[in-house]
Amino acid sequence: MKQLRFGLFENAQTNDSGTATWRHPDNQRHLFDTLAYWKNIAEICENAGLDFIFLADAWGWADVNGERPDICTVEGLDLPRLDPAIVAAALISTTEKLGLVLTGSTLLEQPYSFARRIASLDHLSKGRIGWNVVTTGTAETASAAFGVPMVAHDERYNMADDFMELVYKLWEGAWEPDALELDKEGRYADPDKVHRIEHDGPYFRSNGYGNTSYSPQGTPVLFQAGSSERGREFGGRHGECIFLGGAPVAKLAGQVAAIRAEAVAAGRAADSIKLMAAFSCVVAPTHEEAERKYQEVLDSQTPEVAVASYAWFTGLDLSSYDPATPMTDLHTELSQTQVARFAGLTVGDVLKDWHAHGVRTKPVVGTPEEVADAICELAEGADLDGFLLTPVIQPGSTVDFIEQVLPILRERGVAGTGYDAPTLRQRLVGTETPVLREDHPGAGFRAQQAALTL
Ligand SMILES: Cc1cc2nc3c(=O)[nH]c(=O)nc-3n(C[C@H](O)[C@H](O)[C@H](O)COP(=O)(O)O)c2cc1C
């Protein structure tokens, strides 16, 4: 079995994933707006040799028929938050090896300023930055807040393709990797290695010089998680590391095969994309204790959150449907994944499930051995490259995994023991150098390459 990679799912918000576990007495996430919280989490991850912290993000809020229900404020469901790029910047100086992956939206960001911000982080962290490319599932309220037009689901991916082309030009083509000479007797930089870029796309335009020089990784490691047909096509083209929601092993295996096929269709090697499934666990020395711990997490949550939370992700007000309505009758222009994953269930079933887990899958509840077995079965059965640990409470869930489960996986030889390469891309994608593989479409925008094809 291959050596698995592990990242930690985090969110600069008191709750995440559409659940509201903040009331749990051991949950420290309500301190998310303090540097002390983040330093502690990052230190725990780095000491354990986890590959990265992933900072999710969302824009907009829960909206039920034009109103943000008071329950959202009472439970801290959707707001307030911090900007993950700022959290990542703060953690660069408190860590040395840990990868820092942040979420950024191609609907809401401006590519030129976004490219500059990411390159700045990659320079300062010496190549530890990843970008989770999202088209924004919660688009309706977010577009209202940002004052930009709402764009339909599949078109958001066309827009994202255009965004990518422009940022590749800036990251890969504007400054050659060896443009800076830093010779005090000679030149600071070589003018022949600094290029104007031109982009006149259907959605974005830019004409002129890049604002940042070539950063250690050039393009940050590209993460993606869209699972609709169009989302998968986008991921197969651009993604280097793709997150999958947790699912039964057979379904995951199908998703993995479909994504690898998309990569091949885009002219890339099937194994150039690393697949990581979200994984949640509640672990304790005995099975009974683990079940009791999990029940405490469920009991800490208020059921009324579910309607508002589901509406936040999908725009659908489940309380307005008969509970017996099949989920296959519903359609959304927001996150289609959050409707499709419940095919075969009714609206009533989903409300119950959503209260417990939100967008998260049901945790594996059990002893350290049971959890390690579940990880190995999933990884082997679905040909996964790693897992994104999604904690139910923080830092407790993370510490439990690190102290109780990780040592078993290391003993079995399926988890690495530390940082075996300097940059995030080398560790995660397995490249020899810190930059994009040659078969990645972004590599085609390198200045040298462009010159060769002229
Ligand atoms: C592990 C994981 C993490 C995700 N993190 C975010 C996030 O931080 N922000 C976001 O807007 N969407 C996030 N998503 C949602 C996906 O980016 C995507 O919008 C969703 O799967 C719907 O895909 P579709 O638009 O192709 O239907 C995440 C999905 C998964 C599985």
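Keep in mind that this is a model prediction, so the values were computed, not measured. (Residues numbered from 1 in each chain as written. Predicted model: local features only at pLDDT ≥ 70, side-chain atom pairs only at ≥ 80, totals over all residues. Heavy atoms only, no water.)

**Brief notes about a nonpolar patch on the surface**
Then, number 1: There is a patch of nonpolar side chains on the surface, built from L180, L182 and Y188 and spanning about 320 Å² of accessible area.
Then, number 2: Looking at the element boundaries, Y188 is found in the loop between α6 (153–173) and β5 (196–200). (Patch = residues over 30% accessible without salt bridge, like charges linked within 9 Å, V, L, I, M, F, W, Y side chains within 5 Å. Areas by Shrake-Rupley, 256 points an atom, 1.4 Å probe, with all protein chains shown as cover. Salt bridge = Lys/Arg side-chain N within 4 Å of Asp/Glu carboxyl O. Helix = DSSP H or I, 4+ residues; strand = E, 2+ residues; numbered from the N terminus.)

**Comments concerning the packing of aromatic side chains**
Then, number 1: Scanning the model with the defined rule gives 20 aromatic pairs in all.
Then, number 2: Here F52 and F223 contribute two aromatic rings whose centre-to-centre distance is 5.3 Å and whose plane-to-plane angle is 70°, an arrangement assigned as edge-to-face. Of this pair, F52 sits in strand β2 (residues 52–56) while F223 is found in strand β7 (residues 221–224), placing the two residues 171 residues apart along the sequence. For the pair shown, F52 and F223 are each scored as buried.
Then, number 3: Where Y157 meets F234, the ring centres are 5.7 Å apart and the plane angle is 50°; that geometry is what we call tilted. Here Y157, found in helix α6, pairs with F234, found in helix α7 (residues 229–238); they are 77 residues apart in sequence, far enough to count as distant.
Then, number 4: According to the relative accessible area criterion, Y157 is buried, its value standing at 6%.
Then, number 5: Taken together, the ring pairs in this structure connect F9, F52, F54, F223 and F243 into an aromatic cluster. (Phe/Tyr/Trp six-rings, centres within 6.5 Å; stacked < 30°, edge-to-face > 60°. Buried < 20%, exposed > 50% of the residue type's maximum accessible area, 1.4 Å probe, protein only.)

**Some thoughts on the nonpolar core**
Then, number 1: Core analysis: the largest hydrophobic core is formed by 89 residues, its most contacted members being F6, I375, L384, F387, F401 and L409.
Then, number 2: Among the nonpolar cores identified, the runner-up in size contains 21 residues, and A62, L77, A306 and W312 belong to it. (Core = buried A, V, L, I, M, F, W, Y, C linked by side-chain atoms within 4.5 Å.)

**As for the sheet that holds β7**
Then, number 1: Overall, parallel pairing links the 8 strands, which are arranged β1-β2-β3-β4-β7-β8-β9-β12 in a closed barrel. Across the sheet, the mean angle separating the axes of adjacent strands is 30° when strand polarity is ignored.
Then, number 2: In this structure, strand β4 (residues 129–134) lies alongside β7, joined through 4 bridges in parallel fashion. If you follow V133 over to β7, its bridge partner there is Q224.
Then, number 3: Sheet contacts for α6: β3 (99–105), β4 and β7; angle to β4, the most-contacted strand, approximately 155°.
Then, number 4: Together, β8 (241–244) and β9 (274–279) form the strand contacts of helix α8 (residues 249–265), whose direction differs from that of β8 by roughly 155°. (Pairing = 2+ DSSP bridges. Axes fitted to C-alpha atoms, helices over the stretch in contact; angles between N-to-C directions. Contact = heavy atoms within 4.5 Å.)

**Some details on the pairing of β4**
Then, number 1: Counting buried residues in β4 gives 6 out of 6 residues, a clear majority hidden from the surface.
Then, number 2: Side chains of β4 alternate between two faces, with I129, W131 and V133 and G130, N132 and V134 buried alike.
Then, number 3: When β3 meets β4, the two strands line up parallel, connected through 6 bridges. Counted as the bridge partner of V101 is G130 from β4.
Then, number 4: Read from β3 through helix α4 (residues 111–125) to β4, the crossover connection turns out right-handed. (Right-handed = clockwise from strand over helix to strand, strands pointing away.)

**Observations regarding the site of the ligand**
Then, number 1: Taken together, 21 residues lie near the ligand, and D57, H153, Y157, S228 and T337 sit nearest.
Then, number 2: In the model, an oxygen atom of the ligand is placed 2.6 Å from a nitrogen or oxygen of the S228 side chain.
Then, number 3: Calculation on the ligand without its partners gives an accessible area of 630 Å², and the protein chains cover 86% of this total.
Then, number 4: Looking at the shell around the ligand, the elements with two or more residues in it are β2, β4, α6 and β8. (Near = heavy atom within 4 Å. Polar contact = N/O pair within 3.5 Å; in protein donor to acceptor, adjacent residues only side chain to side chain.)

**Structural notes on unusual backbone geometry**
Then, number 1: Cis geometry is found at the peptide bond from L79 to P80, where omega equals -5°.
Then, number 2: Tracing the backbone shows P80 in the loop between α2 (70–75) and α3 (84–92).
Then, number 3: The backbone phi angle of S17 is positive, close to 65°, even though this residue is not glycine.
Then, number 4: With respect to the secondary-structure elements, S17 resides in the loop between β1 (5–11) and α1 (35–48).

**Focus: α8**
Then, number 1: Between its first and last C-alpha atoms α8 spans 24 Å; for 17 residues at 1.5 Å apiece the expected length is 24 Å, and the two agree.
Then, number 2: All buried positions along α8 are accounted for by L252, Q255, V256, I259, R260 and A263. Each buried residue of α8 sits inside an arc of 130° when the element is viewed along its axis, so together they form one side. In α8, those exposed residues whose orientation departs by more than 90 degrees from the buried face are A250 and A265. (Expected span 1.5 Å × (residues − 1). Arc of directions from axis to C-beta.)

**Brief notes about the UniProt feature "domain: Luciferase-like" (unreviewed entry) in the protein chain**
Then, number 1: Here, the residues flagged by UniProt with the feature "domain: Luciferase-like" (unreviewed entry) are residues 21–380.
Then, number 2: Taken end to end, residues 21–380 has its terminal C-alpha atoms 31 Å apart, with 42% of it in helix and 13% in strand. (UniProt positions renumbered as here; feature names shortened; annotations may be inferred.)

**Details of the environment of D63**
Then, number 1: Checked against the element boundaries, D63 lands in the loop between β2 and α2.
Then, number 2: A relative accessible area of 23% places D63 in the partly exposed class.
Then, number 3: Excluding residues within four positions of it along the chain, D63 makes contact with T141 and A311.
Then, number 4: There is a polar contact of 2.9 Å between the side chain of D63 and the backbone nitrogen of G66.

**A closer look at helix α9 (residues 287–299)**
Then, number 1: Along its 13 residues, α9 runs 18 Å from first to last C-alpha, staying within 8% of the 18 Å computed at 1.5 Å per residue.
Then, number 2: Among the residues of α9, A290, Y294, V297 and L298 are the ones counted as buried. For α9, the arc enclosing every buried residue in end-on projection is 100°, short of the 170-degree limit, so these residues lie on one face. Exposed positions of α9 whose direction lies more than 90 degrees from the buried face are E288 and D299.
Then, number 3: Buried residues along α9 sit in contact with β10 (281–283), α12 (347–357) and β11 (364–366).

**Overview of the pairing of β5**
Then, number 1: Side chains of β5 alternate between two faces, with I197 and H199 buried and R196, E198 and D200 left unburied.
Then, number 2: By the bridge criterion, 5 bridges tie β5 to strand β6 (residues 205–209) in an arrangement that is antiparallel. Paired with D200 across the bridge in β6 is R205.
Then, number 3: Taking the residues between adjacent antiparallel strands as the criterion, β5 and β6 are bridged by 4 residues.

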